[in-house]
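Single-letter residue listing:
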Amino acid sequence: MNRCNIPEIWPEKGLDTADWQSRREEIVRLLCGEEYGFLPPTPAALTWDVIETDEDFCAGKAPLRKILLRAELENGNSFAFPVSVTIPNAGRPVPFFVHISFSADVPDRYMPSEEIIDSGFGVLSFCYEDVCADNGDFLSGLAGALELDGNAACGKIALWAWAAVRVMDYAATLPELDKSRAAVVGHSRLGKTALLAGAVDTRFSFVISNESGCCGAAVSRGKKGETIRNITDAFPYWFRDGFRQYAEKEPPFDQHFLLAAAAPRYVYVASAAGDEWAGPEHEFLSCVLAGKVWEALGLEGFVCKGERPVTGEPCHNGHIGYHIRDGAHYLSREDWRQFMRFISRK
Ligand code: GCU
């Protein structure tokens, strides 16, 4: 434990890659076992059909393709969900985002497609509620197909994260995409989801959370705004059943473990100064604490001048990218611009 009673991820100074490999796997097991539940198994097969194309999307700069991704599950059921794909005609593989979206719209208020295309990035987006409803129903959608039978051993965040991993399976088959620059991104509850997807699937070289707050990027101990009690009262079904116990006692981990699970890859935390519910100070603290893992591995972790978050001064030099902007809870163009700047510099 360090001085704030926050569990350390790695107590010693030096850390070699092999040690980290097994510690990382242990951390992912701990987070899934205690908090989110384990993602369902990899499907036996994955197929897709193109259901719509718009060659003129954004003046033809990046055709819009809608596909239906179908997974054959272990129990013999199949489950399908739609994914929208925009990849700029660049003549070379481009970096890309898997965007776990609140909406199926392309563009969407949280996804400025043309700006992303003009910056040379592809996007594969899906609407989280096309995977399963954002409520306590575990009988329909992916939960139904998996026959979870109302048993929330695995919460909805883990089910949405599973879908993001399936989209990455599909992305891996597309030669137009640069697989060394694959990012997973989400806002708020879907920022929590992006962090979990990126913790589990190391093909995501950039793991990006926007204002994910409680049970996302923000350290819970001493946090302002939303607490584990608030979140498990309002959204118990986001988590595995037993997670509620940590409304009463401190968990044997904290959320900087989730950021560190991305090491030695890149992780990005974006905050908004007006988003007190998410707890920007504790999102920042999480970066400071998680950064020690990269440093122990001999890499640059969280390279930030001050000891507190400062708007207008993004920290883009280490493996943990960070910015805090003015304003309220939102996934804005400015946030996307910062993500793309960070990825482009690496
Ligand atoms: C609620 C919830 C947050 C969540 C947010 C969102 O405010 O308490 O934990 O991040 O919804 O997803 O928009």
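**Considering helix α5 (residues 156-171)**
Side chains that are three or four residues apart share a direction in an α-helix, a result of its 3.6 residues per turn.
Consideration 1: In this model, α5 (16 residues) spans 23 Å end to end at C-alpha, consistent with the 22 Å of a helix rising 1.5 Å per residue.
Consideration 2: By the criterion of burial, α5 is predominantly enclosed, with 16 of the 16 residues buried.

**Re the sheet that holds strand β7 (residues 206-210)**
Consideration 1: Ordered by their spatial adjacency, nine strands build an open sheet running β1-β2-β3-β5-β4-β6-β7-β8-β9, and the pairing between neighbours is mixed. Where the open sheet ends on each side, the last strands, each with one partner, are β1 (45-54) and β9 (320-325). Between one strand axis and the next, the sheet turns by 20° as a mean value, whatever way the strands run.
Consideration 2: Taken together, the six bridges between strand β8 (residues 266-272) and β9 define a ladder with parallel strand orientation. Following the sheet pairing, Ala-270 is matched in β9 by His-323.
Consideration 3: Its contacts with the sheet put α5 on β1, β2 (64-72), β3 (78-86), β4 (94-101), β5 (122-127) and β6 (177-187), and the angle it makes with β5 is roughly 145°.

**Looking at the site of the ligand**
Consideration 1: In the neighbourhood of the ligand, the contacting residues comprise Ser-188, Arg-189, Lys-192, Glu-226, Ile-231, Phe-235, Trp-238, Trp-277 and His-329.
Consideration 2: In the environment of the ligand, an oxygen atom lies 2.5 Å from a nitrogen or oxygen atom belonging to the side chain of Glu-226.
Consideration 3: Note that an oxygen atom of the ligand is positioned 3.5 Å from one of the side-chain N or O atoms of His-329.
Consideration 4: Across the complex, the protein chains shield 82% of the 320 Å² of accessible surface that the ligand would expose by itself.

**Here we look at the nonpolar core**
Consideration 1: The biggest cluster of nonpolar side chains holds 92 residues, and the ones touching the most others in it are Trp-20, Phe-81, Val-83, Leu-124, Phe-126, Val-131 and Val-293.
Consideration 2: With 13 residues, α5 is the largest single contributor of residues to this core.
Consideration 3: Excluding anything up to four places from it in sequence, Val-83 contacts Arg-65, Lys-66, Ile-67, Leu-69, Leu-124, Ser-125, Phe-126 and Val-167.
Consideration 4: Ala-183, Phe-206, Ala-270 and Phe-342 belong to the second-largest nonpolar core, a separate cluster that totals 24 residues.

Each value, and the rule that gives it
Residues numbered from 1 in each chain as written. Predicted model: local features only at pLDDT ≥ 70, side-chain atom pairs only at ≥ 80, totals over all residues. Heavy atoms only, no water. Helix = DSSP H or I, 4+ residues; strand = E, 2+ residues; numbered from the N terminus. Expected span 1.5 Å × (residues − 1). Buried < 20%, exposed > 50% of the residue type's maximum accessible area, 1.4 Å probe, protein only. Pairing = 2+ DSSP bridges. Axes fitted to C-alpha atoms, helices over the stretch in contact; angles between N-to-C directions. Contact = heavy atoms within 4.5 Å. Near = heavy atom within 4 Å. Polar contact = N/O pair within 3.5 Å; in protein donor to acceptor, adjacent residues only side chain to side chain. Areas by Shrake-Rupley, 256 points an atom, 1.4 Å probe, with all protein chains shown as cover. Core = buried A, V, L, I, M, F, W, Y, C linked by side-chain atoms within 4.5 Å.

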